[in-house]
Amino acid sequence: MRRIGLWGAPSCGKTTYLASLFIAAARAKWALVGTDSTATDFMTANTDLLYQRRFPPPTFVIDNMSWILRGTSHRGAHLPGAPAPRPTTIRLDLMDSPGMLFGLGQQPPEDEDDLGYPAEDGKGGGTAASFDELVDRLVGCEGILYLYDPVRERDMGNEFRYFQNVLQRIAQICEEKGMFQGQYLPHKIAVCVTKFDDVRVLRTAYERKYLTYDPADPHRFPVLIPEHAENLYSDLLRVSSGGGAVQVHETIKTFFHRRRIRYFASSAIGFYKDPLAQHFQMRDFSNVQPGEHDDELRIRGPIRPINILEPLLWLGDDGQAAR
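If you're wondering where the values come from, they're calculated on a predicted model, not measured in any experiment. (Residues numbered from 1 in each chain as written. Predicted model: local features only at pLDDT ≥ 70, side-chain atom pairs only at ≥ 80, totals over all residues. Heavy atoms only, no water.)

1. Concerning the environment of Ala171
So, step 1. Residue placement: Ala171 occurs in helix H6 (residues 159-176).
So, step 2. For the pair Ala171 and Tyr184, spaced 13 residues apart in the sequence, the C-alpha separation amounts to 9.2 Å.
So, step 3. Among all residues touching Ala171, those that are not within four sequence positions of it are Phe180, Leu185 and Phe255. (Helix = DSSP H or I, 4+ residues; strand = E, 2+ residues; numbered from the N terminus. Contact = heavy atoms within 4.5 Å.)

2. Brief notes about the packing of helix H8 (residues 229-237) against helix H9 (residues 245-255)
The angle between the axes and the distance between the axes are what describe a pair of packed helices.
So, step 1. At a closest axis distance of 7 Å, the pairing of H8 and H9 adopts a crossing angle of 140°. Packed against H8, whose contacting residues are Glu230, Tyr233, Ser234 and Leu237, the element H9 presents Ala245, Val246, Val248, His249, Ile252 and Lys253 at the interface.
So, step 2. Considered class by class, the residues forming the contact of H8 with H9 number six nonpolar, two polar and two charged. (Axes fitted to C-alpha atoms, helices over the stretch in contact; angles between N-to-C directions. Nonpolar A, V, L, I, M, F, W, Y, C, P; charged D, E, K, R; others polar.)

3. Considerations on the nonpolar core
In summary, soluble globular proteins display a tendency toward joint burial of nonpolar side chains.
So, step 1. Trp7, Tyr146, Ile170, Phe196, Tyr233 and Ile252 are the most contacted members of the largest nonpolar core, which has 43 residues in total.
So, step 2. For this core, the secondary-structure elements that each account for two or more residues are helix H4 (131-139), strand E5 (143-148), H6, strand E6 (188-193), helix H7 (199-207), H8, H9 and strand E9 (261-265).
So, step 3. Sorting elements by how many residues they give to this core places H6 first, with six residues.
So, step 4. Grouped together as the second largest cluster of nonpolar side chains are 35 residues, Tyr17, Leu18, Ala24 and Ala39 included. (Core = buried A, V, L, I, M, F, W, Y, C linked by side-chain atoms within 4.5 Å. Buried < 20%, exposed > 50% of the residue type's maximum accessible area, 1.4 Å probe, protein only.)

4. Observations concerning the pairing of E6
So, step 1. By the criterion of burial, E6 is predominantly enclosed, with six of the six residues buried.
So, step 2. Going residue by residue along E6, you find Lys188, Ala190 and Cys192 tucked away on one face and Ile189, Val191 and Val193 tucked away on the opposite face as well.
So, step 3. Bridge count between E5 and E6: six bridges; the pairing is parallel. Note on E6: the bridge partner recorded for Tyr146 is Val191.
So, step 4. With five bridges joining them, E6 and E9 adopt parallel strand pairing. Opposite Val193, over in E9, you have Ala265 as the bridge partner. (Pairing = 2+ DSSP bridges.)

Laid out in structure tokens, this is it:
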């Protein structure tokens, strides 16, 4: 079974991503089972919030939460000579953590949450682990799920600051332990563009003609053509306010073997569809709306996760390693 680590800058949607995982897994006929009460309680509470159309609160505690995914693998089933579908079990060790710790060794401010808003009741979630501990956990994983929020980067412009510091620490430890495979780190990495449901992200994909739809989908929700996932990521990097995000892409391609890199675009909540409309409408698809308070956002319609499970299944497949 393979270990997977979660990596991302502040407010890139890590907690919401994990909260939507149970929903995505169940809809894909994969059973997601917590290995202890911490993981089970986390998933239960935050999944319930999503169904209440509320975003989960931020996470301050560094918890190495684990789940077992049980389902049937259909990898390559459409190809001639592909193996028959087979029962598959994958262990997911996901570090849900305050994004501040993935930066310059910083601890999160006590009065701020992972979205930059004041924490509920002014309280955090406990004592955070050290930056070095996070790096050590990522080094020990076979797969890394790297979440990139283009909306956040457009406003903040500091993605490369967080990325390069963590990557250099990972590379240093791997060098000390003799883990490099030629010039490359041994890990697989899934680069996941978050907030695919955001108007700015989807319109970029639409204007670049990166979208299609599944004819079997009665709602005709847009689907990113897999071959264009890296192109979308690259295009969105260019709107970074700081300009350094482009270097993240180049660094990933330098440190990870191309066969161990895959790109995805995800949304924890999916698109909105007017109940009176027959199909998805490009003029009205945002699934986020203002809440009762000035700094609150609420979920507008049903939860329809997009590419939440798929990166994890790819990372958990040990048949993808570079030769």
